[in-house]
Every structure is written in structure tokens, then in C-alpha cells.
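Overview (structure and organization)
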Amino acid sequence: METTYKYRVLYADTDAMGVVYYGNYLRIYEAARGDFLHKVGMPFSKMAAELNIVCPVVNAEINYHKPAVLDEEITVKTSIISLRGARLVFVQQIFNADDVLLNDIKVTVAFVDMEKRKPVKYPYEFDKVLDIKD
């Protein structure tokens, strides 16, 4: 399953050169992951409120190809490539309006019990909405 998330680059996203500051891509990717989880019916807020689970990022491997610029509309494509034990791995890509790849990332999040602060197996509810277990 793949979702798309549209985003218009804000002035606050850019640096002195007028391009998206490298660290701000992480925030844009976070928004797209949240959107993905809403679309599959398992938003972060539901996991926290109903399951007492949070999902911190434990690894991020990002590649910068070309810059996004002020006021440019970009598209973030998000998919899940692995769901195993206490880990969920996303692959995300940012494209410009001409469908040129600007940036890509592989992000691993962990499922963590909020009170115990220890990893827990992914919620079984994911079995209902995803078909990517390995």
C-alpha cells in the first residue's frame, strides 16, 4: 500500500539559499507518515489513547538528490516495507511537480509501551489493514 501527501514548501522550511533546510525534510516526512497511518485507520493518537503505545523513530537513512524550493508543491509517497515484532519500517520519497525525485528516506519506528518505556509487539490491528508482514 502506498499513500501520497501533498505539501507546499513554506518560507519557514527554507534556509538562506531559498531551499528546504535539510533537517526540515524530517518534519515533512513525519507529517506524511501520520497521514498514512490516518488513512489506514491506525493514527498515532489512537495508538496512544487506546493502546498505550507510542512510535518513536529509532533509525532514519535519508538521501538528498535535489532541493525543494520556496512555494513549490511537493508530493510525499509513503509505504511500509516491513512490520515485524516491535518495528515498523517505512520508505518515503519526495517528488516535485515534474515527478523528479528530490529526496528519499527509510525510517524505522518502534512500538513502545508508554508507561513501561519498553518495546512491545506491533498492535494486531495492523494485521487487518496491512498485508506486508515478513
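Both the distance between ring centres and the angle between the ring planes are used here to describe each pair of aromatic rings. All told, the structure shown has 4 aromatic pairs when counted by the stated rule. Centre to centre, the rings of Tyr21 and Tyr22 are 4.7 Å apart; their planes meet at 50°, and the pair counts as tilted. Classification of Tyr21 by relative accessible area gives partly exposed; the value is 38%. Positioned above the aromatic ring of Phe95, the side-chain terminus of Lys77 is 4.7 Å from the ring centre. Of note, Lys121 hangs over the ring of Tyr122, and the distance from its end group to the ring centre comes to 3.7 Å.

A sheet is described by the order of its strands in space; here 5 strands give the open sequence β1-β4-β5-β6-β3, paired in antiparallel fashion. Two strands in the sheet have a free side with no partner beyond their single neighbour: β1 (2-8) and β3 (57-64). Strand after strand, the sheet turns through a mean of 20° between neighbouring axes, direction not considered. Looking at chain direction, β3 and strand β6 (residues 101-110) are connected through 7 bridges and run antiparallel. Paired with Tyr64 across the strands is Asn103, a residue of β6.

A few words on unusual backbone geometry. Backbone phi values are negative for most residues with the exception of glycine, while trans is the configuration of most peptide bonds. A positive phi angle, close to 70°, is found at Asp71, a residue other than glycine. When you line up the elements, Asp71 lands in the loop between β3 and β4 (73-84). Phi is positive for Asp99, close to 65°, though the residue is something other than glycine. Along the chain, Asp99 falls in the loop between β5 (87-95) and β6. The exposure class of Asp99 is exposed, given its relative accessible area of 52%.

Counted according to the given criterion, the structure contains 4 salt bridges. Of the charged contacts, one joins Arg33 and Glu30 as a salt bridge, the two residues approaching to 2.5 Å between their closest N and O atoms. Highlighted residues: Arg33 and Glu30, both in helix α1 (residues 24-39), separated by 3 residues, approximately one helical turn. Assessed through its relative accessible area of 3%, Arg33 is described here as buried. Here Glu30 falls in the partly exposed class, since its relative accessible area comes to 36%. Taking the shortest distance from any N to any O, the salt bridge between Asp35 and Lys39 comes out at 2.9 Å.

The rules we used
- Residues numbered from 1 in each chain as written.
- Predicted model: local features only at pLDDT ≥ 70, side-chain atom pairs only at ≥ 80, totals over all residues.
- Heavy atoms only, no water.
- Phe/Tyr/Trp six-rings, centres within 6.5 Å; stacked < 30°, edge-to-face > 60°.
- Buried < 20%, exposed > 50% of the residue type's maximum accessible area, 1.4 Å probe, protein only.
- Lys NZ or Arg CZ within 6 Å of the ring centre and 35° of its normal.
- Pairing = 2+ DSSP bridges.
- Helix = DSSP H or I, 4+ residues; strand = E, 2+ residues; numbered from the N terminus.
- Axes fitted to C-alpha atoms, helices over the stretch in contact; angles between N-to-C directions.
- Salt bridge = Lys/Arg side-chain N within 4 Å of Asp/Glu carboxyl O.

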